[in-house]
Amino acid sequence: MHELSIAHSLVEIAGEAACQANAKQVEAVTLRLGALSGVVKDALLFSYDIAIENTLLAGSRLYIEELPVVVYCPDCDTQTTLDGVQRFRCDQCGQPTAQIIQGKEMEIVSLEYTE
Amino acid sequence: MSSRLLEIHQGILSKNDRLARELRDRFEKAGVYVVNLVSSPGTGKTAFLERTLSMLVEQGCSAAALVGDLATENDARRLERSGAPVRQIVTAGICHLEANMIAEHLAGWRLDTLDFLFIENVGNLVCPSSYDLGEALRIALLSVTEGEDKPLKYPPMFNSADLAIITKLDLAEAVEFKYEETYANIQAVRPGIRVLETSAKTGDGMAAWIELLKRCKTDWQQSQLQEIHLNGHR
């Protein structure tokens, strides 16, 4: 379980950005989390509440947008959105493909704050 | 008081990723090929690495290792028997290695005198997958005793690996290891990945692994030369 250290990194980056924007209070933080990020959403939500204590982000909510894996098939020149993370195959031709277009994201998108 | 929205678009691990890029650059300049070993606890990373280091040292290569562990220095003591320089990284409970831990533990080592540097990650098939350590090659190890469906249970780790190594081949018969099923599961989560079978105990498959490792290093050096050629002098 490394979500707590992920949450600390998240709070550090969001806190610096909020500080630079002269935020008085942060209301919400939005993240994008790919299915291959290796991070569990529920564990991160739990860790977030611990990590924000006594910071500018205290009391804020965390919104997590979960992104499925999208692979590219060079033979068909098409993209497939995978149902899970266990079968890396093209929908059209059924061939395996390792070209990942989306799914590894672990990105802070934005924060809402009051000044 | 008005509510505002601030766009950030920054990776949560951007600090680690930046440090890892700096490390990769340092490793490339020094010409040291860095390998990150990841697996569950008990797969046999240390035994595999001990044999690998001994073989490389015997063959006149210069190799060193950094080994991560939650609490003990036992693995470093085992690896030192190979004759290669070894440093332990005790993470004090942290379940993975991060780029800054690697940077801190390189102090005083002459990287340009090394051919290979191995990083034995903390035994954990989840967390280490998210952290780039600046390595040139990431190897996921899987022992025959672990169950054929392990790649399906931990896809991000196997997906992030460049090479898969099956360990403890000497026990395959005893545990009725299913080769085809294991290979199919590895290929399902990481199509096209190369898989090697080894036993650090009997030495089976180890010569083929060392040969592949040296070839990977040669390819790595050649791709850098091409890059220099394409981009002009660095």
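The following paragraphs examine the structure supplied in this document. (Residues numbered from 1 in each chain as written. Chains lettered and ligands numbered in written order. Predicted model: local features only at pLDDT ≥ 70, side-chain atom pairs only at ≥ 80, totals over all residues. Heavy atoms only, no water.)

A separate point is the packing of helix 1 (residues 3-20) of chain A against helix 2 (residues 41-51) of chain A. Think of two packed helices as two axes; the pair is described by the angle between the axes and how far apart they sit. Residues and elements named next belong to chain A. In contact at an axis separation of 8 Å, helix 1 and helix 2 are set at 55° when each is read in the N-to-C sense. On the basis of their axis angle, the class for helix 1 and helix 2 is oblique. The chirality of how helix 1 crosses helix 2 is right-handed. On the side of helix 1, the interface is formed by Glu 3, Leu 4, Ile 6, Ala 7, His 8, Leu 10 and Val 11, while helix 2 contributes Ala 43, Leu 44, Ser 47, Tyr 48, Ile 50 and Ala 51. Here the contact of helix 1 with helix 2 is built from residues that sort into ten nonpolar, two polar and one charged. (Axes fitted to C-alpha atoms, helices over the stretch in contact; angles between N-to-C directions. Helix = DSSP H or I, 4+ residues; strand = E, 2+ residues; numbered from the N terminus. Parallel < 35°, antiparallel > 145°, perpendicular 65-115°, else oblique. Left-handed = near helix turned anticlockwise from the far one by under 90°. Contact = heavy atoms within 4.5 Å. Nonpolar A, V, L, I, M, F, W, Y, C, P; charged D, E, K, R; others polar.)

Another aspect to go through is the sheet that holds strand 4 (residues 78-81) of chain A. Residue and element names in this part refer to chain A. Strands sit in the order 4-3-5 across an open sheet of three strands; the sheet is antiparallel. Each edge of the sheet is formed by a strand with only one pairing partner; in this case those strands are strand 4 and strand 5 (99-102). On average, each strand axis in the sheet is tilted by 35° relative to the strand beside it, whichever way the strands run. Of the pairings in the sheet, the one linking strand 3 (residues 70-73) to strand 4 comprises four bridges and is antiparallel in character. Looking across to strand 4, one finds that Tyr 72 is bridged to Gln 79. (Pairing = 2+ DSSP bridges.)

Below, the discussion takes up the packing of aromatic side chains. Residues and elements named next belong to chain B. Enumeration over the complete set of coordinates arrives at five aromatic pairs over all chains. When the centroid spacing of 6.3 Å and the interplanar angle of 90° are considered together, the rings of Tyr 33 and Phe 116 count as edge-to-face. Here Phe 116 lies in strand 5 (residues 116-120) and Tyr 33 lies in strand 2 (residues 33-38), a separation of 83 residues in the sequence. Residue class for Tyr 33 comes out buried when judged on its relative accessible area of 3%. The exposure class of Phe 116 is buried, given its relative accessible area of 2%. Here the aromatic rings of Phe 116 and Phe 118 are separated by 6.3 Å at their centres, their planes lie at 20°, and the arrangement is stacked. With a relative accessible area of 0%, Phe 118 lands in the buried category. One aromatic cluster is present, built from ring pairs that chain together Tyr 33, Phe 116, Phe 118 and Trp 220. Lys 217 extends its terminal NZ or CZ atom over the ring of Phe 116, reaching a point 5.6 Å from the ring centre. (Phe/Tyr/Trp six-rings, centres within 6.5 Å; stacked < 30°, edge-to-face > 60°. Buried < 20%, exposed > 50% of the residue type's maximum accessible area, 1.4 Å probe, protein only. Lys NZ or Arg CZ within 6 Å of the ring centre and 35° of its normal.)

Between chain A and chain B, the residue contacts involve 35 residues of the former and 31 residues of the latter. Taking both partners together, chain A and chain B bury about 2,800 Å²; carbon and sulfur atoms supply 61% of that area. Inspection of the chain A/chain B interface yields two salt bridges. Glu115(A) is the partner of Arg4(B) in a salt bridge, and the nearest nitrogen-oxygen pair spans 2.7 Å. If you look at where chain A meets chain B, you find 17 residue pairs in polar contact (both at pLDDT 80 or more). Where the side of chain A that touches chain B is concerned, the elements lending two or more residues are helix 1, strand 1 (25-34) and strand 6 (106-114) of chain A. In terms of residue count, the dominant contributor to the side of chain A that touches chain B is strand 6 of chain A (nine residues). Along the lines of polarity and charge, the residues of the side of chain A that touches chain B split into 19 nonpolar, nine polar and seven charged. Direction of pairing for strand 6 of chain A relative to strand 1 (residues 3-11) of chain B: antiparallel, over a ladder of seven bridges. Across the sheet, the residue bridging to Leu111(A) is Leu6(B), located in strand 1 of chain B. (Buried area = accessible area lost by both parts, 1.4 Å probe. Salt bridge = Lys/Arg side-chain N within 4 Å of Asp/Glu carboxyl O. Polar contact = N/O pair within 3.5 Å; in protein donor to acceptor, adjacent residues only side chain to side chain.)

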